[in-house]
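Breakdown of the fold
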Amino acid sequence: MIHTKQSIIAQLEQLRVLPILVTDDVDQAIRCVTTLAENGLPAVEITLRTPNAMTVLREVIKACPNVVVGAGTVLTSAQLDAVKYAGAAFGISPGITPTLARAAAESGLPYFPGVGGASDLMLALEHGFDVVKLFPSDIVGGIKMAKALGGPFPDVRFCLTGGVTVEATPGLLRQNNILCVGGSWMCPASLINAGDWEAIGTLATQAMIAGRPQLA
Ligand code: 3PG
């Protein structure tokens, strides 16, 4: 599947909820991503937070061709190259640096830098990134921060992650510059480790409905 910035944004506009997966086990990751997709969430961010994460990313991409699989916690240009090479649909970072922003702009990989405030956002815009991750959302102000930044930056859209809950999701998504929310709440480590795919399916369905209440 060929992904462009536009196609990824269109997918996020439709789903409005992006599951964030943290696991080091390939089989669990494939099972989890399959369960999320079967329950209405065919997009995922796989974080590079575990030693085996690159293998997990590669294998999930292979096993789940109909899922938009992005890579998160991209901290360096080398990681950005590696996830692009692995076939990730997009890269996403918790923050932004001039080096990484430049590399991402040159790479052509759809990419969403992380911002915590106006200065980060100005750096993102200097490199052409107008869809950004607001992180950690619950600490830096969440919906209030998105609304405040909408004044000086009316064309920017945010993906809020960090401390987002299913209960908060419908309210957050009513704010017009919030493109989507993301989080690990629909695939928590405790349920992944227990292999409780049914419970993960239920959480995914709830998240899907929180993002798209018209489908309830
Ligand atoms: C992220 O990478 O964006 C966060 O770790 C997700 O936050 P959550 O675990 O609080 O959902």
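Structural data are supplied above this passage.
Procedures and definitions
- Residues numbered from 1 in each chain as written.
- Predicted model: local features only at pLDDT ≥ 70, side-chain atom pairs only at ≥ 80, totals over all residues.
- Heavy atoms only, no water.
- Axes fitted to C-alpha atoms, helices over the stretch in contact; angles between N-to-C directions.
- Helix = DSSP H or I, 4+ residues; strand = E, 2+ residues; numbered from the N terminus.
- Parallel < 35°, antiparallel > 145°, perpendicular 65-115°, else oblique.
- Left-handed = near helix turned anticlockwise from the far one by under 90°.
- Contact = heavy atoms within 4.5 Å.
- Nonpolar A, V, L, I, M, F, W, Y, C, P; charged D, E, K, R; others polar.
- Buried < 20%, exposed > 50% of the residue type's maximum accessible area, 1.4 Å probe, protein only.
- Pairing = 2+ DSSP bridges.
- Right-handed = clockwise from strand over helix to strand, strands pointing away.

**Observations concerning the packing of helix α3 (residues 53-63) against helix α4 (residues 77-86)**
Geometrically, a packed helix pair is captured by the angle between its two axes and the distance between the axes. Two elements in contact, α3 and α4, have axes whose closest approach is 9 Å; the angle formed by their N-to-C orientations is 25°. It follows from the interaxial angle that α3 and α4 lie roughly parallel. Note that α3 runs across α4; the crossing there is right-handed. Facing M54, L57, R58 and I61 of α3, the residues of α4 in contact are A82, V83 and A86. For the contact of α3 with α4, the residue count by class is six nonpolar, no polar and one charged.

**Some points on the pairing of strand β7 (residues 131-134)**
Residues of β7 alternate between two faces, with V131 and K133 on one and V132 and L134 on the opposite face, all of them buried. Judged from the two bridges that link them, strand β6 (residues 114-115) and β7 form a sheet pairing that is parallel. Across the sheet, V115 pairs through a bridge with L134, a residue of β7. Between the parallel elements β6 and β7, the chain passes through helix α6 (residues 118-126) in a crossover that is right-handed.

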